[in-house]
Amino acid sequence: MPDIFSLDSQKGDEVVIKKDPIKTPDPLPKSAHRPHEKVSLLSTFTRFPDDIRFQNQETNEDVHLFLRRHIITNVPWVLTTVALFLLPLLGIFLMPFIESLPFTFSSQYFLIFILFYYLIVFGYAFVNFTTWFHHVGIVTNLRVIDIDVTHISSKNVAATNVADIVDVEYSQSGFLSNFFDYGNVNLQTEGLKPNFEFNHISKPAKAADIISDLIAGRPSDV
Amino acid sequence: MFDFTNFFTSDGFELGLKIFALFLIGFYMIFALIVFNHIRSLRRILVVSTAAGSPLIQTMNFFYLLATIFLFVLALVIL
């Protein structure tokens with residue numbers, strides 16, 4: 001049985017009672033000595049990134065894990081962009097039809113139309129990329145932060161204390177998620193607080209392990 | 001009385017096309033402004049301070065808006 005209260009010393013008639021601190025899972029110490037990783041433009045899973053800053057970051061808050069959706073989740077919009085980029089080339093095959101029209105477009109109109117078209121294609125790709133870029137999960141020694149950017153006018157930032165997380169689980173379903181090793185990590189919080197979910201992130205098993213180690217106060221060497 | 005049949009000439013068609021093109025690019029400029037503002041606001045939430053991170057995104061964001069404005073001005077001038 002651990003001693004909660006112990007007689008430390010007696011000075012004359014005065015009895016000094018020393019109280020041991022209650023052992024709670026302390027936040028891990030600042031990870032200055034740990035190997036830091038650089039976050040590149042396309043990083044999806046980074047341990048101890050040293051170049052991430054976020055809103056309301058505390059001075060003693062150290063980022064342990066930086067998560068993004070797997071890069072393979074970008075394939076649909078990348079393919080769409082490539083298809084849209086190549087679409088005007090079909091105009092070469094439609095040239096005889098265009099020449100047979102009763103009216104003609106001057107070259108100025110054609111130039112403006114092509115520039116405008118490619119600006120729209122670029123805008124489509126850019127918005128999709130920035131949405132993916134900013135849709136992240138951050139695990140620090142104090143909190144778990146979920147930044148959801150779903151489209152150009154919607155963003156949602158949710159955070160919870162590490163101590164409030166009671167359970168961590170991950171799921172991978174389907175051929176692609178197993179092949180490319182991505183999936184969902186679900187964090188259950190206490191009581192009525194909303195649960196957290198990181199969707200389609202890289203290495204979900206590793207992420208779940210790191211988070212559960214953090215909850216338990218164990219240093220993780222994964 | 002205004003003769004509407006004038007619009008169905010080649011010049012009328014071109015005028016209609018010009019107005020339509022300017023409206024379209026004008027509206028797209030509003031969309032580009034919304035995107036610009038949105039991405040700028042994301043900089044306050046998350047900063048990836050490597051060179052190929054938030055600085056690159058914000059620079060591209062600026063040039064995207066600039067390109068849209070440039071296209072609108074170009075359309076005004078040459079159409």
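Nothing here was measured: the structure is a model prediction, and the numbers come from that model. (Residues numbered from 1 in each chain as written. Chains lettered and ligands numbered in written order. Predicted model: local features only at pLDDT ≥ 70, side-chain atom pairs only at ≥ 80, totals over all residues.)

1. Quick look at the interface of chain A and chain B
Frequently, the measure chosen for interface size is the accessible area removed from exposure when the parts meet. Rules: The contact criterion used here is simple: two residues whose C-beta atoms, placed from the backbone, lie within 7 Å are in contact. Under the scheme used here, helices are H or I runs from DSSP no shorter than 4 residues and strands are E runs no shorter than 2 residues, and both carry numbers assigned from the N terminus. Here the term charged refers only to Asp, Glu, Lys and Arg, the term nonpolar to Ala, Val, Leu, Ile, Met, Phe, Trp, Tyr, Cys and Pro, and the term polar to all other amino acids, Gly among them. Should DSSP find at least two bridges between two strands, the strands are taken to pair.
Counting residues at the interface gives 30 residues for chain A and 31 residues for chain B. Of all elements in the fold, only β4 (52-54), α4 (107-134), β7 (143-151) and β8 (154-161) of chain A reach the threshold of two or more residues within the side of chain A that touches chain B. Top element by residues in the side of chain A that touches chain B is α4 of chain A. It accounts for 13 residues. Taken together, the residues of the side of chain A that touches chain B sort by class into 19 nonpolar, seven polar and four charged. Sheet analysis places β4 of chain A next to strand β1 (residues 46-48) of chain B, joined by three bridges and oriented antiparallel. Bridge pairing in β1 of chain B places Ile52 of chain A opposite Val48 of chain B.

2. Let's talk about the domain arrangement of chain A
In plain terms, the rule: The split of the chain into domains comes from an automatic or database domain assignment.
Each domain of chain A was delimited in the assignment, giving domain 1 (36-69 + 135-216) and domain 2 (75-130). Computed from C-alpha atoms alone, the centre-to-centre distance between domain 1 of chain A and domain 2 of chain A is 39 Å.

3. Here we look at the packing of α4 of chain A against helix α2 (residues 54-78) of chain B
Counted only if it meets this: Each axis is a line fitted through C-alpha atoms, taken for helices only over the stretch in contact, and angles between the N-to-C directions span 0 to 180 degrees. Roughly parallel means an angle under 35 degrees; roughly antiparallel, over 145; roughly perpendicular, 65 to 115; everything else is oblique. For any pair of crossing helices, the crossing counts as left-handed if the nearer helix is rotated counterclockwise from the farther one by less than a right angle, and right-handed if it is rotated clockwise.
Relative orientation of the contacting elements α4 of chain A and α2 of chain B amounts to 160°, with a least axis distance of 11 Å. Judged by the angle between their axes, α4 of chain A and α2 of chain B are roughly antiparallel. Two packed elements cross with a definite hand, and for α4 of chain A against α2 of chain B that hand is left-handed. Between α4 of chain A and α2 of chain B, the residues in contact are Gln108, Ile112, Leu115, Phe116, Leu119, Phe122, Gly123, Phe126, Thr130 and Phe133 of chain A and Ile57, Met60, Tyr64, Ala67, Thr68, Leu71, Leu74, Ala75 and Ile78 of chain B, respectively. Its residues placed into classes, the contact of α4 of chain A with α2 of chain B shows 15 nonpolar, four polar and no charged.

4. Focus: the sheet that holds β8 of chain A
Residue and element names in this part refer to chain A. Judged by pairing direction, the sheet is antiparallel, and its five strands sit side by side in the order β3-β5-β6-β7-β8 without closing on themselves. Where the open sheet ends on each side, the last strands, each with one partner, are β3 (45-47) and β8. When the angles between neighbouring strand axes are averaged without regard to direction, this sheet yields 10°. In this fold helix α6 (residues 204-216) packs onto β5 (63-68) and β6 (136-140), with an angle of close to 150° to the strand it touches most, β5.

5. So, helix α1 (residues 75-86) of chain A
The line we're drawing: Residue count minus one, scaled by 1.5 Å, sets the expected span of a helix. Exposed residues have 12 or fewer other C-beta atoms within 10 Å of their own C-beta, buried residues have 20 or more, and residues in between are partly exposed; the C-beta atoms are placed from the backbone.
Helix length check: α1 of chain A, at twelve residues, gives a terminal C-alpha distance of 16 Å against a target of 16 Å (1.5 Å per residue), a fit within 8%. By the criterion of burial, α1 of chain A is predominantly exposed, with just zero of the twelve residues buried.

6. A closer look at the packing of α4 of chain A against helix α1 (residues 10-45) of chain B
With their axes 11 Å apart at the nearest point, α4 of chain A and α1 of chain B run at an angle of 20° to one another. When the interaxial angle is binned, α4 of chain A and α1 of chain B end up roughly parallel. Handedness of the α4 of chain A/α1 of chain B crossing: left-handed. Seen from α4 of chain A, the contacting residues are Tyr109, Ile112, Phe116, Gly123, Val127, Thr130 and His134 of chain A; seen from α1 of chain B, they are Leu17, Ala21, Ile25, Ala32, Val35, Ile39 and Leu42 of chain B.

7. Considering the sheet that holds strand β9 (residues 165-171) of chain A
All names here are of chain A. Ordered by their spatial adjacency, three strands build an open sheet running β9-β10-β11, and the pairing between neighbours is antiparallel. The two strands at the open ends of the sheet, each matched to only one other strand, are β9 and β11 (196-202). Pairs of neighbouring strands in the sheet enclose a mean axial angle of 20°, with direction left out of account. Examined bridge by bridge, strand β10 (residues 182-189) and β11 share five bridges and lie antiparallel to one another.

8. What to know about the environment of Phe63 of chain B
Residues and elements named next belong to chain B. Within the secondary structure, Phe63 sits in helix α2. Since 13 C-beta atoms lie within 10 Å of it, Phe63 is described here as partly exposed. Along the sequence, Phe63 and Met29 sit 34 residues apart, while their C-alpha atoms lie 13 Å from each other.

9. Some points on the pairing of β11 of chain A
Most of β11 of chain A sits inside the fold, with five of its seven residues counted as buried. Adjacent in sequence and paired antiparallel, β10 of chain A and β11 of chain A are bridged by six residues, among which Gly191 of chain A carries a positive phi angle near 55°.

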